[in-house]
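Residue strings, one per chain:
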Amino acid sequence: EGCEENSAGGAGGEEMEKTEFSMRWRWDWAKRILVYGLPAISIPIADPLMTAVDTIFVGQGCDTTSLASLGPTGNIISVMSYAFGFLSVVTIKRISEAQAREKDQEVGALMQQALLLAAGVGGVLVLLTQLLAVPLLTLAGTNSDTLAAALAYLRIRILAQPAVILCSVSQSGLLAMKDSTTPLKAILTMCVLNCVGDTLMVAVFGLGISGIAWATVVAQYSAVAVLFHSWSKRPKAESPFSRRPLPTAKEMRLFSADFGTLWGISSLRTLCYSCVRLAAAALGTLPCAAHTALYAVWMPLCFTPFPLRQAAIVYLPPFIRKPSEPTESGTSTKLRSTPWAALTHEGQEILKVLMALGLVFGVTAGLMVLIPSWWAPGILTRDQAVLPLVRTLALPALVALSISGVMEIAEGVLLIGTKADNNYLLRSMAVTIVMLNVALQLSHRFSYGLTGVWWSLVGFYILRVFQPVSHILRNTMVPQENTV
């Protein structure tokens, strides 16, 4: 409707009217995205937030050895959670596509397939972790001083893994249906129960790190209960709990058609974070404790722009012009290598709005991390030997977070593109993990310590911004045109 209003003005005031309308149009879209995205911030930060709460309670109520033990266990849990993040991407894509085709009756069946896969994956991860807990902790860099505490925490905390994956998939389905308030209610329930549980376990019962792990498990399953209750109240066609036949093998294959590429992207990204945490763990107990304390707060802030990626996946597809559809100037767009050269004018403007919001979200998160890293590191730990190390990480933590918003949106744009776009993102992530490991090796060789590890993390984020953004600009903003 905005373009129609733009073209309605007279010749004399046409340029001014376009500018005025363009600003109003952008503000309308910004508000729409914020209404959708702000409640959804709780979704990506849920699991890291649980780890952050646990870390703070361990840092205040337990010794430094217990705090350091959370580093390797957090690494293992993060790998398991984020390596299967592609299940959420597939879920939101499939349901968004069904809604775009006005096939709401498919939503319930698609969610049923997604939840079955999530439950199966979660159960397998619990079994494997219980059997291989000690080798996994050794691989994650756990030393002999922290092995006992890390093992106690991991064996209990891993019991929540099915709930973590079920939550992620359920929330993605709701986001695809533009419902971001129900996931917020689930996360709030989980956070409140986790804080209450940690307080009781440490201050009242004195159960230490094991009690904190049990509190987290209970809190994670409470969130699943809230989400499942919401799905059960939806119309029969949309509810995964309506009575219907179990999905066939063909249906499961269709649902999982993109699993290979998306799993590769998710796994490589997770491995990058794991390399950073392994490099920090190898530096010794004090650097590992400093890294664990700040990283537990930094990671939830890192994911605050993530809902903007989901907004790109949900809102941009209707604005992709078909290859044969003429542009506003009467010419047809010849796609260079991806369909993003065919974004309509509205789609390009929405992308600009998303990028601007991503920059705002990222810078805001970066400024927020200065509170625990520079101004008040004492909220993370009582150990005076750890506090100076935490302060040295303030600047790289700020820089990485400041560009995280643009990074999330750019990757989201490629995720909903063609198979070529997905493959490009996979290749770029492979390049990124190689360069990150080179940076970490150089940091180790020249003894840059924990600061060098965090500046390597900054380089990891810069690469994740540069590669997808350059691909989008090359294929979206500079289309080749042929006269019709």
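Residue numbers restart at each chain and count upward from 1, following the sequence in its written direction. Local features are withheld for residues below a pLDDT of 70 in this predicted model, meaning they are given only at 70 or higher, and side-chain atom pairs are given and counted only at 80 or more; totals for whole chains, interfaces and linings count all residues. Working from all heavy atoms in the structure, the side-chain values ignore hydrogens and water.

## Concerning the overall build of the chain
Part 1 of the reasoning: Looking only at helices and strands, the chain has 21 helices and two strands in total.
Part 2 of the reasoning: Burial status follows relative accessibility: with a 1.4 Å probe on protein chains alone, a residue under 20% of its type maximum counts as buried, one over 50% as exposed, and anything between as partly exposed. Burial statistics for the chain: of 484 residues in total, 57% are counted as buried.
Part 3 of the reasoning: Of the contacts made within the chain by residues no fewer than 6 positions apart, 82% connect residues no fewer than 24 positions apart.
Part 4 of the reasoning: For the accessible areas, the method is Shrake-Rupley and the probe is 1.4 Å, while residue cover comes only from the protein chains on display. Looking at the chain as shown, the accessible area adds up to about 20300 Å², and 67% of this sits on carbon and sulfur atoms. Segments assigned H or I by DSSP are reported as helices when at least four residues long, segments assigned E as strands when at least two residues long, and all are numbered from the N terminus. Contacts between residues were defined by any pair of non-hydrogen atoms, one from each residue, lying within 4.5 Å.

## Some details on the pattern of salt bridges
Part 1 of the reasoning: Any Lys or Arg side-chain nitrogen found within 4 Å of a carboxyl oxygen on Asp or Glu counts as a salt bridge. One pass over the full model with this rule turns up nine salt bridges.
Part 2 of the reasoning: Between Arg26 and Glu349 there is a salt bridge; the shortest N-O distance is 2.7 Å. Of the two residues, Arg26 sits in helix H2 (residues 14-40) while Glu349 sits in helix H16 (residues 345-375), which places them 323 residues apart along the sequence.

## A short note on a nonpolar patch on the surface
Part 1 of the reasoning: A cluster of nonpolar residues, Val431, Val434, Met435, Val438, Leu442, Phe446 and Tyr448, forms a patch on the protein surface that exposes about 670 Å² of accessible area.
Part 2 of the reasoning: Within the secondary structure, Val434 is located in helix H20 (residues 419-445). Patch criteria: residues need more than 30% relative accessible area and no salt bridge. Like-charged residues are merged within 9 Å; nonpolar side chains of Val, Leu, Ile, Met, Phe, Trp and Tyr are merged within 5 Å.

## Here's the deal with the packing of aromatic side chains
Part 1 of the reasoning: What counts as a ring pair is set by centres within 6.5 Å for rings of Phe, Tyr and Trp (its six-membered ring), and what kind of pair is set by the plane angle: stacked under 30 degrees, edge-to-face over 60, tilted for all other angles. Under the defined criterion, the tally for this structure stands at 14 aromatic pairs.
Part 2 of the reasoning: With 6.0 Å between their ring centres and 25° between their planes, Phe446 and Tyr448 make a pair best called stacked. Neither Phe446 nor Tyr448 differs from the other in exposure class; each is exposed.
Part 3 of the reasoning: Taken together, the ring pairs connect Tyr273, Tyr295, Trp298, Trp454, Phe460 and Tyr461 into an aromatic cluster.
Part 4 of the reasoning: A cation sits over an aromatic face here: Arg464 above Tyr461, 5.6 Å from the ring centre. A ring is scored as having a charge over it whenever the NZ atom of a lysine or the CZ atom of an arginine sits within 6 Å of its centre and within 35 degrees of its normal.

## Focus on the packing of helix H13 (residues 259-281) against H20
Part 1 of the reasoning: In contact at an axis separation of 9 Å, H13 and H20 are set at 15° when each is read in the N-to-C sense. When the axes of H13 and H20 are compared, the pair comes out roughly parallel. For the pair H13 and H20, the sense of crossing is left-handed. Mapping the contact onto sequence places Thr261, Leu262, Gly264, Ile265, Leu268, Arg269, Leu271, Cys272, Cys275, Val276 and Ala279 in H13 and Lys419, Asn422, Asn423, Leu425, Leu426, Met429, Ala430, Ile433, Leu436, Asn437 and Leu440 in H20.
Part 2 of the reasoning: Following the grouping adopted for this structure description, the nonpolar residues are Ala, Val, Leu, Ile, Met, Phe, Trp, Tyr, Cys and Pro, the charged ones are Asp, Glu, Lys and Arg, and the polar ones are all others, Gly among them. Split by residue class, the contact of H13 with H20 holds 15 nonpolar, five polar and two charged. To obtain an axis, a line is fitted to C-alpha atoms, over the contacting stretch when the element is a helix, and the angle between two such axes runs from 0 to 180 degrees between their N-to-C directions. Angular relationships are summarised with four words: roughly parallel below 35 degrees, roughly antiparallel beyond 145, roughly perpendicular across 65 to 115, and oblique for the angles in between. In a left-handed crossing the near helix is turned counterclockwise from the far helix by less than a right angle, and in a right-handed crossing that turn is clockwise.

## Overview of the packing of helix H9 (residues 161-176) against helix H11 (residues 208-232)
Part 1 of the reasoning: Interaxial distance between H9 and H11 falls to 9 Å at its minimum, and their mutual angle equals 35°. As H9 runs across H11, the sense of the crossing is left-handed. Seen from H9, the contacting residues are Pro162, Ala163, Val164, Leu166, Cys167, Ser170, Gln171, Gly173 and Leu174; seen from H11, they are Gln220, Tyr221, Ala223, Val224, Leu227, Phe228, Ser230 and Trp231.
Part 2 of the reasoning: Among the residues making up the contact of H9 with H11, the classes are represented as twelve nonpolar, five polar and no charged.

## Digging into the side chain of Asp198
Part 1 of the reasoning: Among the secondary structure elements, Asp198 is positioned in helix H10 (residues 181-204).
Part 2 of the reasoning: Beyond its immediate stretch of four places on either side in the chain, Asp198 contacts Val53, Asp54, Phe57, Ala203, Ile212 and Ala215.

## Side note on the confidence of the model for the chain
Interpretation of this model should avoid reading the predicted coordinates in detail wherever pLDDT is low.
Part 1 of the reasoning: Summary of the metric used: pLDDT quantifies the predictor's per-residue confidence within the range 0 to 100. Summarising the model, the chain shows a mean pLDDT of 81, and 87% of its residues fall at 70 or more.
Part 2 of the reasoning: At the level of individual helices and strands, the chain shows its lowest average pLDDT in strand S2 (residues 480-482), which scores 38, and its highest in helix H18 (residues 394-402), which scores 95.
Part 3 of the reasoning: Note that residues 1-21 has pLDDT below 50 and, in this model, 13 contacts with residues that lie over four places away or in other chains.
Part 4 of the reasoning: Contacts for the low-pLDDT stretch residues 476-484, under 50 throughout, to residues beyond four places or in other chains number 26 contacts.

## Let's talk about the environment of Ala203
Part 1 of the reasoning: Summarising the element assignment, Ala203 is placed in helix H10.
Part 2 of the reasoning: Take Ala203: its relative accessible area is 63%, and that puts it in the exposed class.
Part 3 of the reasoning: Residues Ala203 and Phe57, 146 residues apart in the sequence, show an inter-C-alpha distance of 9.7 Å.

## Quick notes on unusual backbone geometry
Part 1 of the reasoning: Residue Lys178 is not a glycine yet carries a positive backbone phi of 65°.
Part 2 of the reasoning: The phi dihedral of Ser447 is positive, around 55°, even though this residue is not glycine.
Part 3 of the reasoning: With respect to the helices and strands, the residue Ser447 is situated in the loop between H20 and helix H21 (449-477).

## Considerations on H20
Part 1 of the reasoning: The end-to-end C-alpha distance of H20, which contains 27 residues, comes to 39 Å, matching closely the 39 Å that a straight helix rising 1.5 Å per residue would cover.
Part 2 of the reasoning: Among all positions in H20, only Asp421, Asn422, Tyr424, Leu425, Ser428, Met429, Thr432, Ile433, Leu436, Leu440 and Ser443 are buried. Each helix should span, by expectation, one fewer than its residue count multiplied by 1.5 Å.

## A look at the environment of Ala376
Part 1 of the reasoning: By the secondary structure assignment, Ala376 is in the loop between H16 and helix H17 (387-391).
Part 2 of the reasoning: In this structure the C-alpha to C-alpha distance between Ala376 and Leu387, which are eleven residues apart in sequence, comes to 9.2 Å.

## Here we look at the environment of Arg26
Part 1 of the reasoning: Looking at Arg26, the relative accessible area reads 26%, which means it is partly exposed.
Part 2 of the reasoning: Along the primary structure Arg26 and Val353 are separated by 327 residues, whereas in three dimensions their C-alpha atoms are 6.5 Å apart.
Part 3 of the reasoning: If we ignore the near neighbours within four places in the chain, the residues touching Arg26 are Glu349 and Val353.

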